[in-house]
Amino acid sequence: MEAYINGIGIVSPQKTFDTSDFLSEIVEHNSKLLNAIEPSYKEFLDPNLARRMARVIKMSIAASFVCLRDAKIEKPDAIITGTALGCLQDTEKFLLSIIENDEQFLTPTSFIQSTHNTVSAQIALQLKCMNYNFTYVHKGFSFESALLDSMMTLEEGEAKNILVGGHDEMTEKHHRVYNRIGYWKKDSAVDTMQLIHSKTPGSVGGEGAAFFILGNEKTEKSYAKLQGVEMIYKPENTKEVETKIITFLDSKGLQANDIDVVLYGINGDVRFDQLYYEIKNTLFKNSTSGYFKHLCGEYQTSGSFAMWLAAKILQTQTIPNAVLIGENKSKEIKNVLIYNTFIDSDQSVYLLSKC
Amino acid sequence: MDALIEQLKGEIIKQLNLEDLKPADIDSDAALFGGGLGLDSIDALELIVLLEKNYGIKVSNPADGKKIFQSVRTMAEYISANKK
Amino acid sequence: MSSKVYITGMGMISAIGNNVAESFHSLETMQSGIGELKYVRSRHKPLVPVGEVKKSTEELMEMAGLNPDNLTTRTSLLGLIAAQEAVKSAGIKDIKEYRTGIISATSVGGMDMTENHWLDYLNEEKSGPWLKYIETHECGDSTEFIADNLGIKDFLSTISTACSSAANAIMFGARLIKHGKLDRVIVGGTDAMSRFTINGFMTLMILDSENCKPFDSQRRGLNLGEGAGYIVLESEKAAKGKVIHAELSGYGNSNDAYHQTASSPDGAGAFMAMEKAFKISGLKPSDIDYINAHGTGTEINDLSEGTAIDRIFEKNVPSISSTKAYTGHTLAACAGIEAIFSILAIKHNIVFPNLNYKHPMTALSFKPTTTLERGKKIDHVLSNSFGFGGNTSALIFSRHH
């Protein structure tokens, strides 16, 4: 089973909102938190609706609408999203007002919008789309589960065009809270373009909303083919990851040598980056290497940013310099593999191909 | 009553995040729901909290909101009649 | 690929019992589990009767066979206890014998701990072992906790579509089996009571200050509950030679796309979800012997759901009841728990009564069953679950021949 990526819409810490552009200008963040560059929402949202919405909802709606427009689709046959943290800003707002007001004078809006399915529900509501609607919320498998479901739904013939997206926001408060358990670097500021050379623990926080139309047919718009996604939970060692990747590629009739470009989830955290280098230096020593978390930051659904990157690489047959690790060894780019993990427990592999 | 109406308009804008509106934009007699400001049932619940928090008036049946929140004026009248 | 999806195990914990047998006993003897809030501190206690699991978090820790110094959430513990029972009842000795996954649903995740420690998290000067709870906040953490304790590694996922979550977990699991991606999957949901949820539903003004009365014309709202319910789904290959409680024959998912929290008056989303479930199962509405309704007891849900049922059954509605007045509304877990009630109905040819019902709704053609109905053959049960955000799902369970 394969699925065509027939539309894209993405809000990220880079200038990605214009789907025709491909990282022509890199935004260098000198921070421990890479915030998304938000578009103007006026075009996408009636102000009367937007007034209640937190950032992540607005970002996601804008990204999904751009995506639908890109694919020239009005109503998708299914809406499937992945988010690990849901709507944090509203969750924190409601939680804090419970504590501060001792459970009195609370208003419903932030509670209603705190639920993890708010984004997929809001998109459905805006589009008056009554079709299949799902929200996956499993840490580093959230977006990956959404992709798996999408591919199964296409295979079942239950849908021709699916709107699938990954979204997570990082609030200032949650960034502080995650800092307490060692997620981020201890430095006060981090030059993210140097992240790959870092030899200290911790990464930098990120966020974003990336949406795709996955279709069962190739169109003139098709960016790439998604051949599959594989999730690997708490592998015991690198050997297990290697074996799973080889089996996964084999199921698609490919070998490691067929992979032209591998995008690694290297995040500058000395505790985990070794995982990527081991795979890079064994399985994929002949492939071109790239990375992306210096551009989008570390977050649970960062795989959705990587999938956008892979699709654009395949469509344009170019790899932006800022993405490359080492030299570009590929003349023609047929197959791109993404190997990503959030912390080290939820590891995922995506395979995208030229179409 | 007029002072209360003006005050209420400001409070409604704040409570409901009607960022683009100024008190003068709200007609005291226009319908708050349906047409008018285009408010919905979630806003009605927000306004019930506004009454409790700012005026100490408790509305326990959300259905009562329909009558109270017809317009800013009916809301002000309800507050004057029930304020403790 | 397996065309059939068999149910070989069940496990649950809720206000009416700490396992399936206790819960069944409560259902048969018409004992509700709704009562005064005990384990969550809230100023709303006098106004909000709830369906709490009758165990402290420490007692749950012991039931799950864990050391008391384990730092985990009530959501995770409830989930683990129910999932342990499900695996045991399916007679699974070696979890690695087949490709086994878990798909769990939750709406609050580790909120029960987050709400107690949030200010401390933000206070850099305070420190303690409770910092470990930060990682338990994410919904996926409860699933990983259950999986790690059961030794499940092949596939994990978590779903949050508000109160329809566990139905979607069951549906996704069944499809993974049909696609040949898994041989066996533990599916359901878990949610603990929290101040966050209590206050959230208070702001919506849809909590009844008395015991809820689903489908009664004088219904005033719902009672919140907590709990967990999981069933074990197996492929034809994995289930060979095992006791099969029932089959999952149909499932449907739709979105009402009407309002952020409220269902549409005609229940269009609910209708579509049921319609899809019928299509997948190949059954007709007249084949259904019992409907385990979502029936929360709110003004809007029961009217919307009832209207959709009247429409799809063309007013020939079979035995129907909501079991929410027993357990309270257990949010993301409810479809897991109610899947078990549906299977028990088939196994024992029994229809559980809809408690607290007195006054018929004039808008609906049917009245729910109010006494324990025995002796009628129950071959097919429809179970509905709907949530905020318009998420509507329907499942059909059928007798295995």
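All values derive from a computational prediction rather than experimental measurement. (Residues numbered from 1 in each chain as written. Chains lettered and ligands numbered in written order. Predicted model: local features only at pLDDT ≥ 70, side-chain atom pairs only at ≥ 80, totals over all residues. Heavy atoms only, no water.)

*Asks:* Quick one: what's the story with the nonpolar core, residue by residue and with numbers?
*Replies:* The biggest cluster of nonpolar side chains holds 137 residues, and the ones touching the most others in it are L263, M307 and L352 of chain A together with F172 and I231 of chain C. Once residues lying within four places of it in the same chain are set aside, the contact partners of F172 of chain C are F134, Y136, S145, L148, D149 and M152 of chain A together with I103, F155, S157 and I159 of chain C. (Core = buried A, V, L, I, M, F, W, Y, C linked by side-chain atoms within 4.5 Å. Buried < 20%, exposed > 50% of the residue type's maximum accessible area, 1.4 Å probe, protein only. Contact = heavy atoms within 4.5 Å.)

*Asks:* I'd love a proper account of the pairing of strand β12 (residues 391-398) of chain C, names of residues and values included.
*Replies:* Residue and element names in this part refer to chain C. Across the 8 residues of β12, 8 count as buried, placing the element largely inside the fold. Both faces of β12 are covered, namely the face carrying N391, S393, L395 and F397 and the face carrying T392, A394, I396 and S398. Relative to β12, strand β6 (residues 246-255) runs antiparallel, the two being bridged by 8 bridges. For S254, the partnering residue across the bridge sits in β12 and is T392. When strand β11 (residues 380-386) meets β12, the two strands line up antiparallel, connected through 7 bridges. Residue pairing in the sheet places L382 in a bridge with I396 of β12. With antiparallel pairing between neighbouring strands as the criterion, β11 and β12 make up a hairpin whose turn holds 4 residues, including G389 at a positive phi of roughly 75 degrees. (Helix = DSSP H or I, 4+ residues; strand = E, 2+ residues; numbered from the N terminus. Pairing = 2+ DSSP bridges.)

*Asks:* Describe in detail the packing of helix α3 (residues 88-100) of chain A against helix α4 (residues 111-122) of chain C, supporting the description with residues and values.
*Replies:* Axis separation between α3 of chain A and α4 of chain C bottoms out at 10 Å; the angle between their running directions is 65 degrees. Here α3 of chain A runs over α4 of chain C; the crossing is right-handed. Judged by residue contacts, T91, E92, L95, L96 and I99 of chain A of α3 of chain A engage M111, T114, E115, W118 and L119 of chain C from α4 of chain C. For the contact of α3 of chain A with α4 of chain C, the class distribution of residues is 6 nonpolar, 2 polar and 2 charged. (Axes fitted to C-alpha atoms, helices over the stretch in contact; angles between N-to-C directions. Left-handed = near helix turned anticlockwise from the far one by under 90°. Nonpolar A, V, L, I, M, F, W, Y, C, P; charged D, E, K, R; others polar.)

*Asks:* I'd love a proper account of the environment of A325 of chain C, names of residues and values included.
*Replies:* Residues and elements named next belong to chain C. Inspection of the secondary structure assignment puts A325 in helix α11 (residues 324-327). Its relative accessible area of 1% is what places A325 among the buried residues. Measuring from C-alpha to C-alpha, the distance between A325 and G295 comes to 9.1 Å, with 30 residues separating the pair along the chain. The contacts of A325, once residues within four sequence positions are left out, are S32, I34, C212, P214, L355 and N356.

*Asks:* For the interface of chain C and chain B, give the residues involved together with the corresponding values.
*Replies:* Listed per partner, the contact involves 5 residues of chain C and 8 residues of chain B. Across the chain C/chain B interface, buried area totals approximately 470 Å², and carbon plus sulfur atoms make up 70% of it. The three residues of chain C that bury the most area against chain B are L204, M205 and H259 of chain C, which together make up 78% of that side's buried surface. Where chain C meets chain B, there are 0 salt bridges. Residue composition of the side of chain C that touches chain B, by class: 2 nonpolar, 3 polar and no charged. (Buried area = accessible area lost by both parts, 1.4 Å probe. Salt bridge = Lys/Arg side-chain N within 4 Å of Asp/Glu carboxyl O.)

*Asks:* Now, about the pattern of salt bridges: what can you tell me, with residues and values included?
*Replies:* Inspection of every chain in the model, using the stated rule, returns 40 salt bridges over all chains. Notably, a salt bridge pairs K139 of chain A with D141 of chain C, separated by 3.3 Å at the nearest N-O pair. In this pair, K139 of chain A sits in the loop between β3 (132-136) and α6 (142-155) while D141 of chain C sits in helix α5 (residues 139-150), so the two residues belong to two different chains. Both residues of the pair, K139 of chain A and D141 of chain C, belong to the buried class. Here the residues in one salt-bridge network are R51 and R52 of chain A together with D40 and D43 of chain B, joined through shared partners.

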